[in-house]
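Each chain, written out:
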Amino acid sequence: MTLQAAEQGNGSTAGAIIAHGKRAPRVTAGIAAHAGLLVVLALYVVLGVVYSRTTPIFEASDEVWHYPFIKHLADGNGLPVQRADQVGPWRQEGSQPPLYYALGALATCWIDTSDMDSVRWINPHANMGIPTADRNVNMVIHPAGQLLRGTVLAVHLVRWMSVLMGAVTVVMGYLLARQLLQDSIVATAAAALTAFNPMFLFITSSVNNDALVIMLSAIAIWLMVRIVLSLNTEATPQNDAATERGHYRQFVLLGVVLGLTSLSKASGLALLPLAAVTGAAVAWRKRSWKELLLAGVLIGAPVLLIGGWWYYRNWQLYRDPLGLNAFISIVGGRYPQPTLLQLASEWKGFVMSYWGFFGGMNVPAPEWFYTIASMLALLGLAGVPLYIWRVFKPGRNLWRWLALGLVILWPAAVFVSLIRWTLMTIASQGRLMFSALTALSLLMAMGLAALIPRRLRALLPGSMSAFLLVGAVLLPAITIAPAYAPPDILTERDVATLSPRINATFGDKMRLLGYEIDKAEAAPGDTVNVTLYWKALAPMHENYSVFMHLLGTDELILGQRDMYPGQGTYPTTLWSPGEIVADTYAVPVSPTAMTPGEAFFAVGLYNLQTGERLPVVDGMGEPIGDHLRFGRLVLPPRMVEGIPNPVYFNLDNQVALIGYELDRTSAAPGEAFNLTLYWKALRDLDTNYSVFTHVLGEQQSIWAQMDSWPLRGDAPTATWKKGQVIRDPYELVVRPDAPAGTFELEVGMYGAQDGKRLPLLGEGGHVQDVRILLGQVRILPGEE
């Protein structure tokens, strides 16, 4: 319609134009009121894309297993049936509820991903879950020049789908805070603490079903708080009728969200008790058991309709509605199972993976980042009671208190369920708390805002938000990208002055030009950095692994490092003739290495599939076997307070092995290894334990053994007092039928009555094993 027509009497149109003109300032004001959220949201989306592009595909947490599940569905296959003896490329992730994977399949089914097996080039030596000084953290090999097509495109599309889910989570965290507190400063800070958490960015920019369950959990907790707060409406017939209709709609919506959550990840089921509390609150407000039943039906029916079939399927297949037994049969359960106190020793890793532990939990952020982030978070949580005391009036507004209780209870429920899960399998990862991330961020923001005068209350929440933002911006460049960078290609000029020069040739394929060792002496437990200078002589059609051994007396291995060249990033099939690479290996010296002594290094190339090693020819053209020996490392003598070869192995906080002696490292059948153990009581003992000492071969075969109470029964552990040191000798006679070879020397203690071994505790009480490995011994060939 033209302006002239409007002027001629079209009042409705003119009125609309006028009304629109009046609304425009209100719309602008509304946008301005949420400007902080819009800025946070924009920064999150930009950073999410940055993280998704910086992290090579399949290098995010379990992405190498999450994506094959998506491809399996996208290719038109049904849901996988999990069997420990027939593990698919999705491994344990095939046990997860399928909603996220179905959405990913829907988004990528039009893409030809037949190249997945070649793109998903597994690094067989990757150090999963273990940060290392010499990298080798890449789970997958990434050749240069990968284009955004096929599987690479599909993975990134699903990653960007996760980013959108993360964006919704940020918005829901903001709305939760505004709903509960009507405090724009705290709400914006809560959104920022979620959006700028580097680990949240990392997870929600990857292929991971956590992105969906985090989003749906954030929506669910906001809905529950909204329902409870609506009970504040003044009771009138008109209000009660409108509120009742609203509650019914919200119950159904909540049920739908909870159903979707249950179909995203089993941990989402922890929301159901909170939903029950929400429904009970409404029923109690109306003083009606009928309302309680109706709430249960309106919430529960959608949950059952949407997610019930999945749990019924699990019961039919695995006799476990959650399917956890199938999951654990593949990923592996914990043995021995830790106590809660021992589980607390894993707190450091838990905290690291809350703020930013990238890759396969093997690419850590700088230590200062964890320290500052944790201090600010603890400060915020400590300030929560003060904020509540200032804002929430005791005895008034019951429903607001209940809504706050839901916000506090949700992280507590997630934490309890996570403890249960971590007792079943190794899962001490703070990122698994992210289902409750919006609630945790809100609590931190509340506490930080309460700790300083009200006129400056934005200072601390703003400071933590700014700190996380700076970290989120820096970490992709200073932590993630360098972990996966390929090696620099050197020129002949770069190695012209290399000394010593070796020029040993490995199978006419690779030449070792020379080496550098960073130290001439080392103590047990140290790390020695060895840099090898390799040159490719010819194209290679097989991927050879490098083994680097530190060998001591009787050529027993005192330290070892195996990986692809380029610190795991540059397999030999990628090399071109003439390329030169400097490759550094951080070789650990065994903490149980006996001293004094000398050791040397041995290096070789081998085919991992066949075990075949390449023959080696020295610089003079003479064959020297299948490995090259070089260098020399001195192990000076060690003795602490008269204890030789001092070590510290804690057995269940009761006894520690603090040293040992071994008269020899090789013996023939019929001969004996004389082993002396030095024990220290860590407390007064009232239980008798037997000591086991074994020379252990493959399949747990024992070729020499002596089990006894200490001092052959003369020093039973039930008599030991705290601080007492026992010198305890054993004679391990090699069995006459023992084969020649290298074997492990293991010791430990077990209950004289129940036979249960004492667990070996690591730093902080982390359960590591039920035995102590003292190293290797060699059994020599027997007489014919």
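Structure: above.
Residues numbered from 1 in each chain as written. Predicted model: local features only at pLDDT ≥ 70, side-chain atom pairs only at ≥ 80, totals over all residues. Heavy atoms only, no water.

As for the overall build of the protein
Counting its regular elements, the protein contains 20 helices and 25 strands. Counting only C-alpha atoms, the protein reaches 115 × 70 × 55 Å along its principal axes. Across the 784 residues that make up the protein, the buried fraction comes to 52%. Residue pairs at least 24 apart in sequence account for 75% of intrachain contacts in the protein once pairs closer than 6 positions are excluded. By element, 59% of the accessible surface of the protein is carried by carbon and sulfur atoms, the whole surface being about 34,400 Å². (Helix = DSSP H or I, 4+ residues; strand = E, 2+ residues; numbered from the N terminus. Buried < 20%, exposed > 50% of the residue type's maximum accessible area, 1.4 Å probe, protein only. Contact = heavy atoms within 4.5 Å. Areas by Shrake-Rupley, 256 points an atom, 1.4 Å probe, with all protein chains shown as cover.)

Some remarks on the pairing of strand β20 (residues 702–708)
Relative to β20, strand β19 (residues 689–696) is paired through six bridges, and the arrangement is antiparallel. Bridge pairing links Leu-696 to Ile-702 in β20. (Pairing = 2+ DSSP bridges.)

Regarding the side chain of Ser-264
Along the chain, Ser-264 falls in the loop between α11 (237–262) and α12 (271–286). Those residues in contact with Ser-264 that sit more than four places away from it in its chain are Pro-97, Leu-99, Asn-209, Leu-212, Val-213 and Leu-216.

What to know about a nonpolar patch on the surface
Residues Trp-368, Ile-372, Val-470, Val-473, Leu-474 and Ile-478 make up a contiguous nonpolar surface patch of roughly 520 Å² in combined accessible area. Mapped by element, the contributors of at least two residues to the nonpolar patch are α17 (367–391) and α20 (459–483). Looking at the nonpolar patch element by element, the count peaks at four residues for α20. (Patch = residues over 30% accessible without salt bridge, like charges linked within 9 Å, V, L, I, M, F, W, Y side chains within 5 Å. Salt bridge = Lys/Arg side-chain N within 4 Å of Asp/Glu carboxyl O.)

Some thoughts on helix α13 (residues 289–318)
The terminal C-alpha atoms of α13, which comprises 30 residues, lie only 37 Å apart, well short of the 44 Å expected from a rise of 1.5 Å per residue. For α13, the principal kink sits at Gly-307 and spans about 55 degrees. For α13, the set of buried residues is Glu-291, Ala-295, Leu-298, Ile-299, Pro-302, Val-303, Gly-307, Trp-310, Tyr-311, Arg-313, Asn-314 and Tyr-318. For α13, the N-terminal cap is Ser-288; the gap from its side-chain oxygen to the backbone nitrogen of Lys-290 is 3.2 Å. The first or second residue beyond α13 is Arg-319, which carries a positive phi of 55 degrees. (Expected span 1.5 Å × (residues − 1). Bend = angle between axes of the 7 residues up to and from the residue. Polar contact = N/O pair within 3.5 Å; in protein donor to acceptor, adjacent residues only side chain to side chain.)

A few points about the pattern of salt bridges
Evaluated as defined, the whole model comprises 19 salt bridges. The closest approach of N and O atoms between Glu-346 and Arg-334, which form a salt bridge, is 2.5 Å. Of this pair, Glu-346 sits in the loop between α15 (340–343) and α16 (347–355) while Arg-334 sits in the loop between α14 (324–331) and α15, and the two are 12 residues apart along the sequence. Neither Glu-346 nor Arg-334 differs from the other in exposure class; each is buried. Between Arg-632 and Glu-598 there is a salt bridge, and its shortest N-O distance comes to 2.5 Å. Within this pair, whereas Arg-632 is found in strand β12 (residues 628–635), its partner Glu-598 is found in strand β9 (residues 597–607), the two being separated by 34 residues in sequence. Beyond isolated ion pairs, a larger network of salt bridges with shared partners links Asp-62, Asp-210, Lys-265 and Arg-431.

Structural notes on the environment of Val-528
Note on placement: Val-528 falls in strand β5 (residues 527–536). Its relative accessible area of 0% is what places Val-528 among the buried residues. Distance from Val-528 to Ala-427, taken between C-alpha atoms, is 31 Å for residues 101 residues apart in sequence. Sequence-distant contacts of Val-528, that is, excluding residues within four places in its chain, are made with Ile-517, Asp-518, Lys-519, Ala-522, Tyr-585, Ala-586, Val-587, Val-589, Phe-601 and Leu-633.

A word on the packing of helix α7 (residues 150–181) against helix α18 (residues 398–424)
As a packed pair, α7 and α18 sit with axes 10 Å apart at the nearest point and diverge in direction by 150 degrees. If you check the angle between α7 and α18, you find them roughly antiparallel. In this structure, α7 meets α18 at a crossing whose hand is left-handed. Between α7, through Leu-176, Leu-180 and Leu-181, and α18, the contact on the second element is made entirely by Arg-400, Ala-403, Leu-404 and Val-407. Across the contact of α7 with α18, the residue classes break down as six nonpolar, no polar and one charged. (Axes fitted to C-alpha atoms, helices over the stretch in contact; angles between N-to-C directions. Parallel < 35°, antiparallel > 145°, perpendicular 65-115°, else oblique. Left-handed = near helix turned anticlockwise from the far one by under 90°. Nonpolar A, V, L, I, M, F, W, Y, C, P; charged D, E, K, R; others polar.)

Digging into the sheet that holds strand β22 (residues 741–751)
A sheet is described by the order of its strands in space; here five strands give the open sequence β17-β25-β22-β19-β20, paired in mixed fashion. On the outer flanks of this sheet lie β17 (666–667) and β20, each paired with one strand and no other. Pairing between β22 and strand β25 (residues 772–779): seven bridges, direction antiparallel. From the neighbouring strand, Phe-743 faces β25, where its bridge partner is Val-777.

So, the pairing of β22
On a regular strand, each side chain points to the face opposite its neighbour's, so the side chains alternate between the two faces of the sheet. Where β19 meets β22, eight bridges bridge the pair, whose relative direction is antiparallel. Within β22, the position partnered with Thr-693 by the bridge is Val-747.

Topic: the packing of helix α3 (residues 35–54) against α20
At a closest axis distance of 11 Å, the pairing of α3 and α20 adopts a crossing angle of 10 degrees. On the basis of their axis angle, the class for α3 and α20 is roughly parallel. Across from Leu-43, Leu-47, Val-50, Tyr-51 and Thr-54 in α3, the residues of α20 making contact are Leu-469, Gly-471, Ala-472, Val-473, Leu-475, Pro-476, Ile-480 and Ala-481.

Notes on unusual backbone geometry
With an omega dihedral of 0 degrees, the bond running from Ser-499 to Pro-500 counts as a cis peptide bond. Note that Pro-500 resides in the loop between α20 and β3 (501–506). Residues Thr-595 and Pro-596 are joined by a peptide bond in cis, for which omega reads -5 degrees. Tracing the backbone shows Pro-596 in the loop between β8 (580–588) and β9.

Quick look at the packing of aromatic side chains
Enumeration over the complete set of coordinates arrives at 24 aromatic pairs. An aromatic cluster is built from Tyr-44, Phe-200, Tyr-354, Trp-355 and Phe-434, whose rings are joined through pairwise contacts. The ring of Trp-65 carries Arg-91 above its face, with NZ or CZ at 5.2 Å from the centroid. Across the ring face of Phe-692, the terminal group of Arg-757 is positioned such that the distance to the ring centre comes to 4.0 Å. (Phe/Tyr/Trp six-rings, centres within 6.5 Å; stacked < 30°, edge-to-face > 60°. Lys NZ or Arg CZ within 6 Å of the ring centre and 35° of its normal.)

Brief notes about the sheet that holds strand β18 (residues 672–681)
Taken in spatial order, the six strands make up an open sheet running β21-β18-β16-β15-β23-β24, and their pairing is antiparallel. The sheet is open, and its two borders are formed by β21 (725–733) and β24 (767–769), each paired with just one other strand. In this structure, strand β23 (residues 760–761) lies alongside β24, joined through two bridges in antiparallel fashion. Considered in β24, the bridge of Leu-760 is made with Asp-769.

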